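Structural features, examined
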Amino acid sequence: MSQSSTQTLPGGAPATGKTRITVARGDGIGPEIMEATLAVLDAAGANLDYDYIEVGEQVYLKGNAAGIEPRAWDSLKETRVFLKAPITTPQGGGYKSLNVTTRKALGLFANVRPCVAYHPFVRTKHPAMDVVIVRENEEDTYGGIEHRQTDEVVQCLKLISRPGSEKIVRYAFEYARRYGRKKVTCFTKDNIMKMTDGLFHKLFEEVGAEYPDIEKEHWIVDIGAAKLADTPEVFDVIVMPNLYGDILSDVAAQIAGSVGLAGSSNIGAGYAMFEAIHGSAPRRAGQNLANPSGLMLGAVMMLVHLGKGEVAERVHNAWLRTIEDGMHTYDIFKEGTSKEKVGTKEFAQAIIARMGQEPATLKPVRYAGGASKPIQITIKERKRARKELVGIDIIVDDPRKSPAGLADVMQKLGGKDFDLVMMSSRGMKIWPDGNPETIIMDHIRCRYMGRDGQVVSHDGLAELLGRLANTNIDFVQIMNLYNFDGQPGFSLGQGQ
Ligand code: NAD
């Protein structure tokens, strides 16, 4: 459904010289907060042309598992900029996350969420908080690659790539430079996930060295998260892999004041999507109650991306002034601090009435200078590492849970080329010299290495698997073990 507000020339260019963007009104409170946002953008002179597309609940319920109508992709390919209101994912299984689909389909690798306190105008426990979370958006466990492998064990693959990590870390440093931020902090759990989170951390160190003007620090995510919840004012920009970023950006937005206040951008090389961080809040829908601020601040990021820095500045400063003047929707309204409880529409009108004004107490924003263009990221060329096949991990389904018995069989299968060096269950070594207290599942990893440290061949692996196939042992997964430039590309078993 296209409802462009202006006449469109062939090829999609609007007749009025307006910039065309793709807009989804979404579900629940979505249509109300979108209407309020677009009214403010129009009043600020954003000069935009809207191509409306259908996404969300109604599309899902028509049987489209991705929740986005096919025509929407044509619109996105043309405009490359998507302003999206929150949507409702219907209850029950089988529906794919529209956000994950859009991020992956459009290569939106960076999710940027500024989380700012507006003290003393919006109640917060952290008056000086001003943190930007930069979350990796395409990798980690979000590939949704999950398998049930045995009766007792399911698995989810966590994939972290060097180019993916480099892109997001570089984006975080470029963002810091562009917006005059002083420090970039990295959160990972590389004390446990030494290879996946370890790679992310390594790229943070490598790329960070190219930004001597910016302070750098790394925190293990658990204590980092505790520190963020307790003293967020010590952080500036925080870059994280996908899962930690997903969780902690909501925490950061909530402790800044309200999830209703935070906007978010999803940035790729060719496309960008802008939204509020909250959902469709169906219980508040249709009552002119919802706070449109999250979507409006997402739209401000969109204006900057479009090179309309002056308009972005006008909208953001008028919004700050409105907050400062105590015109508050129900979610941030507090007797004594707020002046007037307003609805969605009235809040938008209050911003429009203040267009051209700046806040008096809060710091005005400035986007009209160098800030107003997209951040471009280039990945460094590098030589591929030399790769040698040195062994194999074979996961078997062994309901007997008897390491000694299984080890006898598996050792014999090693033949002349392989030594069985270790067996583990849930990562914990159970053979040789397992601890009798270790609880064993029916999911056992058997690690074979080439005899005497020899490189092995695919033919050798195939023969090993052939011998295993002639037993009654079910093997559920194999993972080749490689050295890269002579260094092991695999972790040791816990206790190995
Ligand atoms: P939610 O963020 O929609 O709402 C949680 C609560 O926060 C609401 O009940 C309301 O009290 C408050 N709230 C949120 N936004 C507000 C606003 N703008 N103004 C005032 N109050 C606001 O989370 P939920 O209830 O867990 O999810 C509802 C639906 O939204 C679900 O279907 C979920 O899948 C979907 N969702 C969509 C997105 C998205 O499209 N980006 C993100 C998160 C959740």
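Residues numbered from 1 in each chain as written. Predicted model: local features only at pLDDT ≥ 70, side-chain atom pairs only at ≥ 80, totals over all residues. Heavy atoms only, no water.

What follows deals with the sheet that holds strand S8 (residues 183-188). Strands sit in the order S2-S1-S3-S12-S11-S4-S5-S10-S8-S9 across an open sheet of ten strands; the sheet is mixed. Each edge of the sheet is formed by a strand with only one pairing partner; in this case those strands are strand S2 (48-53) and strand S9 (215-220). Geometrically, the sheet is characterised by an average inter-axis angle of 25° between neighbouring strands, direction not taken into account. Across three bridges, the pairing between strand S4 (residues 110-116) and strand S11 (residues 263-267) is antiparallel. Residue pairing in the sheet places Val112 in a bridge with Ser265 of S11. Helix H5 (residues 162-178) rests against S4, strand S5 (130-136), S8, S9, strand S10 (237-240) and S11 of the sheet, and its axis sits at about 160° to S5. Against the sheet, helix H7 (residues 221-230) engages S5, S8, S9 and S10, with an angle of about 110° to S9. (Pairing = 2+ DSSP bridges. Helix = DSSP H or I, 4+ residues; strand = E, 2+ residues; numbered from the N terminus. Axes fitted to C-alpha atoms, helices over the stretch in contact; angles between N-to-C directions. Contact = heavy atoms within 4.5 Å.)

Glancing now at the site of the ligand. Around the ligand sit 19 residues in total, of which Ile87, Gly279, Ala281, Asn291 and Tyr330 are the nearest. Between the ligand and the protein, one listed contact pairs an oxygen atom with a backbone N or O atom of Thr89 at 3.2 Å. A distance of 3.0 Å separates an oxygen atom of the ligand from a polar atom in the backbone of Ser280. The protein chains hide 68% of the 810 Å² of surface that the ligand would expose on its own. Residues that form the shell around the ligand fall into these classes: seven nonpolar, seven polar and five charged. (Near = heavy atom within 4 Å. Polar contact = N/O pair within 3.5 Å; in protein donor to acceptor, adjacent residues only side chain to side chain. Areas by Shrake-Rupley, 256 points an atom, 1.4 Å probe, with all protein chains shown as cover. Nonpolar A, V, L, I, M, F, W, Y, C, P; charged D, E, K, R; others polar.)

On to the nonpolar core, then. One finds Leu41, Leu83, Tyr118, Tyr171, Val184, Val239 and Trp319 to be the most contacted residues of the largest nonpolar core, which totals 77 residues. Taken domain by domain, this core gets at least three of its residues from each of domain 1 (1-109 + 257-371) and domain 2 (125-248). Within the second largest apolar cluster, 24 residues are counted, among which are Leu389, Met410, Leu464 and Tyr482. (Core = buried A, V, L, I, M, F, W, Y, C linked by side-chain atoms within 4.5 Å. Buried < 20%, exposed > 50% of the residue type's maximum accessible area, 1.4 Å probe, protein only. Domains from an automatic or database assignment.)

Here we come to the sheet that holds strand S15 (residues 387-397). The strand order across the open sheet built from six strands is S17-S16-S18-S15-S19-S20, with neighbouring strands paired in antiparallel fashion. Where the open sheet ends on each side, the last strands, each with one partner, are strand S17 (428-431) and strand S20 (487-488). Examined bridge by bridge, strand S19 (residues 474-484) and S20 share two bridges and lie antiparallel to one another. Each residue of the ladder has a partner; that of Phe484, found in S20, is Gln487. Each of S15, strand S16 (418-425), S17 and strand S18 (443-450) is contacted by helix H12 (residues 403-413), which is oriented at about 150° to S16, the strand it contacts most. Packing of helix H13 (residues 458-469) onto the sheet brings it into contact with S15, S16, S18 and S19, and relative to S15 it is tilted by some 15°.

Right, let's get into the packing of aromatic side chains. Within this structure, the stated rule accounts for eleven aromatic pairs. Note on Phe109 and Tyr171: the rings are 6.0 Å apart at their centroids and 85° apart in plane angle, and the pair reads as edge-to-face. With Phe109 in the loop between helix H4 (98-105) and S4 and Tyr171 in helix H5, this residue pair connects regions lying 62 residues apart in the sequence. For the pair Phe109 and Tyr171, one class covers both residues: buried. For the ring pair Trp219 and Phe235, a centre distance of 5.9 Å and an interplane angle of 65° mean the geometry is edge-to-face. One end of the pair, Trp219, is in strand S9; the other, Phe235, is in the loop between H7 and S10, and 16 residues separate them in sequence. An aromatic cluster is built from Phe173, Phe204 and Tyr211, whose rings are joined through pairwise contacts. We note Arg25 situated over the ring of Tyr52; from NZ or CZ to the ring centre the distance is 3.9 Å. Looking at Arg80, its charged tip hangs above the ring of Tyr271, at a distance of 4.6 Å from the centre. (Phe/Tyr/Trp six-rings, centres within 6.5 Å; stacked < 30°, edge-to-face > 60°. Lys NZ or Arg CZ within 6 Å of the ring centre and 35° of its normal.)

Together, Leu243, Ile247 and Val251 make up a nonpolar patch on the protein surface, roughly 220 Å² of accessible area in all. The residue Leu243 is located in helix H8 (residues 242-256) in this model. Given a relative accessible area of 33%, Leu243 falls into the partly exposed group. (Patch = residues over 30% accessible without salt bridge, like charges linked within 9 Å, V, L, I, M, F, W, Y side chains within 5 Å. Salt bridge = Lys/Arg side-chain N within 4 Å of Asp/Glu carboxyl O.)

This part covers helix H9 (residues 293-305). For H9, which comprises 13 residues, the first-to-last C-alpha distance of 18 Å matches the rise-based estimate of 18 Å (1.5 Å per residue) to within 8%. Downstream of H9 by a residue or two, Gly307 has a phi angle that is positive, lying close to 80°. (Expected span 1.5 Å × (residues − 1).)

Before going further, it helps to examine the domain arrangement of the protein chain. Per the domain assignment, the segments making up the protein chain are domain 1 (1-109 + 257-371), domain 2 (125-248) and domain 3 (387-488). Opposite the six residues of domain 2 that make contact, domain 3 presents seven residues. The junction of domain 2 with domain 3 conceals about 660 Å² of combined surface from both sides, 46% of it contributed by carbon and sulfur atoms. When the area that domain 2 buries against domain 3 is broken down by residue, the three leading residues are Gln149, Thr150 and Glu152, summing to 66%. Run the count over domain 2 and domain 3 and you get one salt bridge. Among the ionic pairs, Lys401 bridges to Glu152, the shortest N-O distance being 3.0 Å. At the surface where domain 2 touches domain 3, the tally comes to six residue pairs in polar contact (both at pLDDT 80 or more). The residue inventory of the side of domain 2 that touches domain 3, partitioned by class, reads one nonpolar, three polar and two charged. (Buried area = accessible area lost by both parts, 1.4 Å probe.)

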